[in-house]
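# Fold and geometry: a report
Each chain, letter by letter, is given below.
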Amino acid sequence: MTDATRDPSARFGTGQTALVVVVPEAEPVVGWLRGDLDEAAAYGVPAHVTVLFPFLPAEALDATVLEALRDVVGAHAPFDATFAGCGRFPGVLYLVPEPDASWRALLAAVAARFPEAPPYGGAFDDVVPHLTVADGQDPDVLDGAAAAVAPRLPVRTRVREVTLLVFDGERWRRRADFPLSPDADAAGP
């Protein structure tokens with residue numbers, strides 16, 4: 001798909017929001033593939049693990065919501081993560097974050113605090129932490145992408161914050177960051 005044929009409004013709505021953990025260390029490993037194989041990358045979404053999508057509409061992001069985000073995210077200690085292998089959903093290739101217990105605790109806590117915004121609109125019973133490399137692709141494309149990524153792994157990161165992204169009708173833009181707290185119990189809430 002060329003830039004001229006892309007219509008961001010077909011996939012994303014103006015004012016739609018997402019909570020993510022940006023993983024800049026993954027960009028040299030998967031950024032070149034994401035640009036071609038994950039439409040979200042074309043609209044400014046960096047390599048990331050989703051915490052909650054879709055989140056609340058942008059117009060609902062008042063001081064009370066932002067403070068609640070600071071509180072729920074700040075109840076978690078920073079943690080290390082390694083992406084050493086690939087996983088798949090139908091049409092999707094992703095990097096698997098390990099260990100996943102800290103990810104799952106963070107995702108579950110944010111979702112529990114905002115039940116009006118269920119992860120992925122409530123489409124899945126089990127929300128699996130993942131870093132998307134390719135989305136909406138045929139199995140042979142996913143096979144090629146997996147083969148290209150595997151020798152570049154692992155990717156290591158330290159999770160220190162959750163980022164709020166807002167879609168402005170053309171691109172996803174960073175609106176705020178919410179730090180995990182070094183003073184939080186390492187086991188999480």
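Up top is the structure.
Bear in mind the structure is a predicted one, so any value in this text is a computation, not a measurement. (Residues numbered from 1 in each chain as written. Predicted model: local features only at pLDDT ≥ 70, side-chain atom pairs only at ≥ 80, totals over all residues. Heavy atoms only, no water.)

## Focus on the sheet that holds strand E4 (residues 92-98)
In space, the four strands of this open sheet follow the order E5-E4-E3-E6, with antiparallel pairing throughout. The open sheet has two edge strands, strand E5 (131-135) and strand E6 (155-159), and neither has a second partner. Neighbouring strand axes in the sheet, compared pairwise and without regard to direction, differ in orientation by 30° on average. Inspection of the sheet shows E4 paired to E5 by four bridges, in the antiparallel sense. Bridge assignment links Tyr-94 to a residue of E5, and that residue is Thr-132. (Pairing = 2+ DSSP bridges. Helix = DSSP H or I, 4+ residues; strand = E, 2+ residues; numbered from the N terminus. Axes fitted to C-alpha atoms, helices over the stretch in contact; angles between N-to-C directions.)

## Side note on the packing of helix H3 (residues 63-74) against helix H4 (residues 101-113)
Interaxial distance between H3 and H4 falls to 9 Å at its minimum, and their mutual angle equals 150°. It follows from the interaxial angle that H3 and H4 lie roughly antiparallel. Of the two elements, H3 crosses H4, and the hand of that crossing is right-handed. Where H3 approaches H4, its residues Ala-68, Val-72 and Val-73 are matched on the opposing element by Ala-109, Val-110 and Arg-113. Grouping the constituent residues of the contact of H3 with H4 by class yields five nonpolar, no polar and one charged. (Parallel < 35°, antiparallel > 145°, perpendicular 65-115°, else oblique. Left-handed = near helix turned anticlockwise from the far one by under 90°. Contact = heavy atoms within 4.5 Å. Nonpolar A, V, L, I, M, F, W, Y, C, P; charged D, E, K, R; others polar.)

## Let's talk about the layout of surface pockets
Taken as a whole, the largest pocket encloses approximately 580 Å³ of empty space. Elements with a contribution of two residues or more to the lining of the largest pocket: strand E1 (17-22), strand E2 (48-52) and E5. Looking at the lining of the largest pocket residue by residue, the class counts come to 15 nonpolar, four polar and four charged. There is about 160 Å³ of room inside the second largest pocket. Broken down by secondary-structure element, the contributors of at least two residues to the lining of the second largest pocket are E1, E6 and strand E7 (161-167). Ranked by residues supplied to the lining of the second largest pocket, first place goes to E6 with three residues. Class assignment of the residues belonging to the lining of the second largest pocket gives a composition of five nonpolar, two polar and five charged. (1 Å grid on protein atoms, 1.4 Å probe; cavity = no way out; pocket = protein on both sides within 12 Å on 5 of 7 lines; lining within 4 Å. Points joined across faces, edges and corners; volume = space filled by probe spheres on them.)

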